[in-house]
Amino acid sequence: MKRSHNFTCIVCPMSCQIELIEEDDKILEVRGNGCKRGEEYVTEEFTNPVRMLTTTIPVQEGRIAMLPVRSERPVPKNLLRRCMKELSKVRVKAPVRCGDMIYENILDTGVSIISSRDLSIGNCSEVR
Amino acid sequence: MIEVDVAIIGGGPAGLASAMKACEEGVKDILIIERGMELGGILLQCIHDGFGTFIFEETLTGPEYAQRYIDEVKKTGINVKLNTMVLEIDSAKRIIAVNQEDGLLEIEAKAIILSMGCRERTRAQILIPGDRPSGIYTAGVAQRYINIEGVIPGKKVVILGSGDIGMIMARRFTLEGAEVEGVYEVMSNPGGLTRNVVQCVEDYEIPLHLSHTITNIRGRRRVEGVTVAKVDSEMRPIKDTERFVPCDTVILSVGLIPENELSKSADVGMDPITNGPIVDEQMQTSVPGIFACGNVVHVHDLVDDVSKVAEVAGKGAAGYIDGKLKKRRSPIKVRAGRNVKYVVPQIIHGEKFDEDIRFYLRVKEIEKSVKTVVLADGERIFEKKIKIVKPPEMVKLDISPDILNRITGDELIIDVEGEEDEEKP
Ligand SMILES: Cc1cc2nc3c(=O)[nH]c(=O)nc-3n(C[C@H](O)[C@H](O)[C@H](O)COP(=O)(O)OP(=O)(O)OC[C@H]3O[C@@H](n4cnc5c(N)ncnc54)[C@H](O)[C@@H]3O)c2cc1C
Ligand code: SF4
């Protein structure tokens, strides 16, 4: 069955409304894109949409209560919520350096979760 | 009394980059004064990525971007006072600050850089009627609760305003397991970047209601719900579209205002449109030796621009101290013309320019296929075609010295011309 999907291109400020028509996952037509980059963008968004995951993890004995972390590289969009669930069990202990690995190879994506700041030892209750 | 060469008020990205630049330019005695317990400013709570694409050519999170500057500052002899709040400054560049260790501090600086950032508009400033229960937060406060303190402030959330922070918080609440009932925006276009509309709202199937507002907040102790309504073209709520939405939390993302109490205490001339100090091409304010940069001047959408303009201020302050800064010649006023809300810098000085000047402008309305035009004494000295301009995205114009040196008269006008204006003589 032929199906149509609508996207807003985010590659440049023109924000073209692009329509992608496919049949059994095979892309038949892309229309509405102002330029070639729009076609690449919707093809990627249709076949393998990925997003960077950024969240926080509780820290013990840190200067602040939460450590911001991110995925080294973008992960498949449909795995974001499962990644969050996986990370909800994780705790770390200060000190942490920016770039330290916090969780290796999340959900077998080959992507690790890394720290996004230095966090020294302290008593975070002083902050509040 | 402490004496310093350059005192920098605020240790966010603007303060950090201006300090680094002043240091590079040879200033010995630099002091950054920050009221928070850490350097980094608002970036520390902006844990999402999207920072640094221009300066570092990679996408970083806010804390990572800040970390890079903090690491650099640590390698220098720049002094930092944390947990220190500046209470007052005057036009003689005396600073009164306070902290627990030193008590009241008096600091005399040869030059001051203002980099206090901005704060959020609150409920009182947009006048939403109704009860006054708990559960109403500005987006930045909610962001701080979740990302720094680890507390999720609610389970069922309604967001008013589609600025970037509001949309980013819609995603953050959703990923943390709260339900975001919808984002309501009074204007007919989203207030933030398209990227955030797609990746923060549409990705999570959060309804974005344009031309809508909250007309009432209900709740005894905690928020119990809000009334939302569609608005007409004059932004008046339409009575029979009113609908009650149960929720326990209301997040306001209704704009930022530069934080300028200190600037005013030093009698710095202010721009009523940007709500920030009037600055020249060196980022110097109307008070000689007082410079300003970052969100305290006008609200920036990209931190990369903040860092870049902060370097101009750092260099300006260094030049002021050693007397290299060009003597102020007759000023040329820069005015916002057609479809331009404001232009920064508002003033340029000099009879001979030897460096590019970057102008930042914010447009009033979305417009396609436009030309930005710089007019001096009625003559078009610069033109540049742009495919589209939008209020959430700042327009940057780099004007070269050979064009600047053609300026006659004491006023520049910057217009954004639409297609139909083009044919006019
Ligand atoms: C929620 C949010 C999301 C954003 N997302 C992005 C994004 O995705 N990409 C991007 O490029 N940009 C983004 N930005 C913009 C960017 O973060 C800002 O433009 C930048 O942080 C502004 O820097 P600043 O140094 O001017 O202000 P701030 O970072 O606000 O720093 C000001 C500092 O001054 C201190 N201060 C204020 N008053 C005093 C006083 N009286 N005494 C002592 N210290 C004082 C404050 O404590 C603060 O640390 C975002 C901004 C926000 C708020
Ligand atoms: S399709 Fe091309 S012109 Fe249109 S928004 Fe995407 S990149 Fe810009």
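Residues numbered from 1 in each chain as written. Chains lettered and ligands numbered in written order. Predicted model: local features only at pLDDT ≥ 70, side-chain atom pairs only at ≥ 80, totals over all residues. Heavy atoms only, no water.

Engineer: For this particular structure, what's the right way to read the overall build of chain B?
Structural biologist: A count of helices and strands for chain B gives nine helices and 29 strands. Taking 2.2 N^0.38 as the reference for a compact globule, 425 residues should give roughly 22 Å; the C-alpha atoms of chain B span a radius of gyration of 23 Å, in line with that estimate. The principal-axis extent of the C-alpha atoms belonging to chain B is close to 65 × 65 × 40 Å. With 425 residues in all, chain B has 56% of them scored as buried. Total accessible area computed for chain B in this model is approximately 18600 Å², and 49% of it derives from carbon and sulfur atoms. Of the side-chain charges in chain B, 54 are positive and 68 negative, and the distance between the mean point of each set is 2 Å. (Helix = DSSP H or I, 4+ residues; strand = E, 2+ residues; numbered from the N terminus. Rg over C-alpha atoms; globule rule 2.2 N^0.38 Å. Buried < 20%, exposed > 50% of the residue type's maximum accessible area, 1.4 Å probe, protein only. Areas by Shrake-Rupley, 256 points an atom, 1.4 Å probe, with all protein chains shown as cover. Lys, Arg positive; Asp, Glu negative; His and termini not counted. Charge placed at Lys NZ, Arg CZ, Asp CG, Glu CD.)

Engineer: Even after reading the chapter, I still don't get the sheet that holds strand β8 (residues 92-93) of chain A, so can you show me in this structure?
Structural biologist: The strands making up a sheet associate through hydrogen bonds between their backbones, and the pairing can be parallel or antiparallel. Residue and element names in this part refer to chain A. Read across the open sheet, the five strands follow the order β8-β5-β6-β10-β9; overall the sheet is mixed. In the strand order of this sheet, the two ends are held by β8 and β9 (101-103), each with one partner. As defined by bridge partners, β9 adjoins strand β10 (residues 113-115) across two bridges and the pair is classed as antiparallel. Bridged to methionine 101 within β10 is isoleucine 114. The strands touched by helix α2 (residues 80-87) within the sheet are β5 (54-60), β9 and β10, with β5 carrying the most contacts at an inclination of about 5°. (Pairing = 2+ DSSP bridges. Contact = heavy atoms within 4.5 Å. Axes fitted to C-alpha atoms, helices over the stretch in contact; angles between N-to-C directions.)

Engineer: Help me understand the domain arrangement of chain A in this model?
Structural biologist: A common way to state how big an interface is: give the accessible area lost once the parts meet. Segmentation of chain A into domains returns domain 1 (2-47) and domain 2 (54-115). The C-alpha centroid of domain 2 of chain A is placed 32 Å from the C-alpha centroid of domain 1 of chain A. (Domains from an automatic or database assignment.)

Engineer: What should I look at first to understand the domain arrangement of chain B in this one?
Structural biologist: All names here are of chain B. Each assigned domain of chain B is listed with its residue range as follows: domain 1 (1-119 + 257-325), domain 2 (122-254) and domain 3 (328-425). For domain 2 versus domain 3, the distance between C-alpha centres works out to 36 Å. Taken together, the contacts link six residues of domain 2 with four residues of domain 3. Across the domain 2/domain 3 interface, buried area totals approximately 290 Å², and carbon plus sulfur atoms make up 55% of it. Contact with domain 3 buries area across many residues of domain 2, yet Asn189, Leu193 and Thr194 alone supply 72% of it, more than any other trio. Applying the counting criterion to the domain 2 and domain 3 interface returns zero salt bridges. Our count for the contact surface shared by domain 2 and domain 3 stands at one residue pair in polar contact (both at pLDDT 80 or more). Within the side of domain 2 that touches domain 3, the residues separate by chemical class into two nonpolar, four polar and no charged. (Buried area = accessible area lost by both parts, 1.4 Å probe. Salt bridge = Lys/Arg side-chain N within 4 Å of Asp/Glu carboxyl O. Polar contact = N/O pair within 3.5 Å; in protein donor to acceptor, adjacent residues only side chain to side chain. Nonpolar A, V, L, I, M, F, W, Y, C, P; charged D, E, K, R; others polar.)

Engineer: Where do I start with the site of ligand 2 in this structure?
Structural biologist: Residues in close proximity to ligand 2 include Cys9, Val11, Cys12, Met14, Ser15, Cys16, Ile18, Asn33, Gly34, Cys35 and Gly38 of chain A together with Lys387 of chain B, which together make up its full environment. The site occupied by ligand 2 is bordered by residues of chains A and B. Residues belonging to the shell around ligand 2 are distributed by class as follows: seven nonpolar, four polar and one charged. (Near = heavy atom within 4 Å.)

Engineer: Would you mind showing me how to read helix α1 (residues 13-24) of chain B here?
Structural biologist: All names here are of chain B. Helix length check: α1, at twelve residues, gives a terminal C-alpha distance of 16 Å against a target of 16 Å (1.5 Å per residue), a fit within 8%. Here α1 lies mainly inside the structure; ten of its twelve residues are buried. For α1, the complete set of buried residues consists of Pro13, Ala14, Gly15, Leu16, Ala17, Ser18, Ala19, Met20, Lys21 and Ala22. Glycine 26 occupies a position one or two residues after α1 and carries a positive phi of about 100°. (Expected span 1.5 Å × (residues − 1).)

Engineer: Quick question: what am I supposed to make of the sheet that holds strand β27 (residues 379-389) of chain B here?
Structural biologist: Residue and element names in this part refer to chain B. Read from one edge to the other, the open sheet built from five strands follows the order β24-β22-β29-β26-β27, with strand pairing classed as mixed. Because the sheet does not close on itself, it has two edges, and the strands there are β24 (347-348) and β27. Where strand β22 (residues 332-336) meets strand β29 (residues 411-417), four bridges bridge the pair, whose relative direction is parallel. Along β29, the bridge assignment pairs arginine 335 with isoleucine 413.

Engineer: Please explain the interface of chain B and chain A as it appears in this structure.
Structural biologist: Listed as interface residues are 35 residues of chain B and, on the opposing side, 29 residues of chain A. Across the interface of chain B and chain A, roughly 2900 Å² is buried in total on both sides, 55% from carbon and sulfur atoms. Looking only at chain B, the three residues that lose the most surface to chain A are Met37, Glu64 and Leu175 of chain B, adding up to 17% of its buried area. Linking chain B to chain A there are five salt bridges.

Engineer: I tried to follow the packing of aromatic side chains on my own but got confused; where do I start?
Structural biologist: The description of an aromatic ring pair rests on the distance of the ring centres and on the angle between the ring planes. Residue and element names in this part refer to chain B. Applying the stated criterion across every chain yields a total of five aromatic pairs over all chains. Look at phenylalanine 56 and tyrosine 69: their rings are 6.1 Å apart centre to centre, the planes differ by 65°, and that puts the pair in the edge-to-face class. Pair noted here: phenylalanine 56 is in the loop between β3 (49-51) and β4 (60-61) and tyrosine 69 is in helix α2 (residues 62-75), with a separation of 13 residues, a long-range link. When its relative accessible area of 25% is taken as the criterion, phenylalanine 56 is described as partly exposed. Measuring from ring centre to ring centre gives 5.7 Å for tyrosine 137 and tyrosine 145, while their planes differ by 90°; the resulting arrangement is edge-to-face. (Phe/Tyr/Trp six-rings, centres within 6.5 Å; stacked < 30°, edge-to-face > 60°.)

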